[in-house]
Amino acid sequence: MSLPARVAILENKDPEEAVSFAHRIRKGVPDKNIVYWFTPSDKEPRHPEFPEVDPGIYNFDAIAYESVMLGLYSVWQGPENGVCAKLGIRRRTKSSWGTVVTVSISTVPLSSLSWQ
């Protein structure tokens, strides 16, 4: 099972400039200083009653042991807090887990490896 998420990172020698770059993030606008590496997959299930709500990462926990990374994450499926309060319902999240084996600087889903 692979971790169906992408991840993002922003690096800069100057922390103030990094914050400035972070404030400029917009969908569909490329920026050479920003590389996305952690966002929900476009294949994440949506809330059946609120399919227009884009899922978001709600919580992410991971632990590494040697070259294996084990992760548990929750994806928020909506709706927004105001809608939940008005309708008297709870936020919906879905928890999943994933494993990744890191070899050198490349990342390979554990499920794609064959052990002999």
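Residues numbered from 1 in each chain as written. Predicted model: local features only at pLDDT ≥ 70, side-chain atom pairs only at ≥ 80, totals over all residues. Heavy atoms only, no water.

The next thing to look at is the overall build of the protein. Secondary structure summary: the protein contains 2 helices and 6 strands in total. Going residue by residue from the N terminus, the α and β elements of the protein occur as β-α-β-β-β-α-β-β. When each of the 116 residues of the protein is scored for burial, the buried share is 22%. Counted over contacts in the protein with a minimum sequence separation of 6, partners at least 24 positions apart contribute 46%. (Helix = DSSP H or I, 4+ residues; strand = E, 2+ residues; numbered from the N terminus. Buried < 20%, exposed > 50% of the residue type's maximum accessible area, 1.4 Å probe, protein only. Contact = heavy atoms within 4.5 Å.)

Relative to strand 4 (residues 68-78), strand 3 (residues 56-65) runs antiparallel, the two sharing 9 bridges. Bridging from a neighbouring strand, asparagine 59 pairs with serine 74 of strand 4. Connecting strand 3 to the antiparallel partner strand 4 that follows it, the hairpin turn spans 2 residues, and glutamate 66 within it adopts a positive phi of roughly 50°. (Pairing = 2+ DSSP bridges.)

Take the environment of serine 74 next. Tracing the sequence through the fold places serine 74 in strand 4. For the pair formed by serine 74 and serine 96, sequence separation is 22 residues and the distance between their alpha carbons is 6.3 Å. Excluding residues that lie within four positions of it along the chain, serine 74 makes contacts with Gly56, Ile57, Tyr58, Asn59, Thr93, Lys94 and Ser95.

What follows concerns a nonpolar patch on the surface. A cluster of nonpolar side chains, namely Val83, Leu87 and Ile89, defines an oily patch on the protein surface of about 220 Å² accessible area. Within the element layout of this structure, isoleucine 89 appears in the loop between helix 2 (81-87) and strand 5 (92-103). (Patch = residues over 30% accessible without salt bridge, like charges linked within 9 Å, V, L, I, M, F, W, Y side chains within 5 Å. Areas by Shrake-Rupley, 256 points an atom, 1.4 Å probe, with all protein chains shown as cover. Salt bridge = Lys/Arg side-chain N within 4 Å of Asp/Glu carboxyl O.)

Under the criterion given, the structure shown has 2 salt bridges. Notably, a salt bridge pairs aspartate 42 with lysine 43, separated by 3.6 Å at the nearest N-O pair. Using a relative accessible area of 70% as the deciding quantity, one classes lysine 43 as exposed. Note that aspartate 54 is salt-bridged to arginine 46, the shortest N-O span being 3.0 Å. Given a relative accessible area of 42%, aspartate 54 falls into the partly exposed group. Owing to a relative accessible area of 38%, arginine 46 belongs among the partly exposed residues under this scheme.

This part covers the environment of aspartate 42. Residue placement: aspartate 42 occurs in the loop between strand 2 (34-40) and strand 3. Once the C-alpha coordinates of aspartate 42 and proline 55 are considered, the two residues, 13 residues apart in sequence, prove to be 8.5 Å apart.

For the rest of this paragraph, the subject is the confidence of the model for the protein. Atom-level detail of predicted coordinates should not be read off regions where pLDDT is low. When pLDDT is averaged along the protein, the result is 75; 66% of the residues meet or exceed 70. Mean pLDDT across the secondary structure elements of the protein bottoms out at strand 6 (residues 106-109), with 48, and peaks at helix 2, with 94. In the predicted structure, residues 104-108 sits below a pLDDT of 50 and forms 6 contacts with residues beyond four places in sequence or in another chain. (pLDDT = per-residue confidence, 0-100.)

Right, let's get into the side chain of serine 96. Its location among the elements puts serine 96 in strand 5. Judged by its relative accessible area of 8%, serine 96 is buried. A polar side-chain atom of serine 96 sits 3.0 Å from a polar atom in the side chain of lysine 94. (Polar contact = N/O pair within 3.5 Å; in protein donor to acceptor, adjacent residues only side chain to side chain.)

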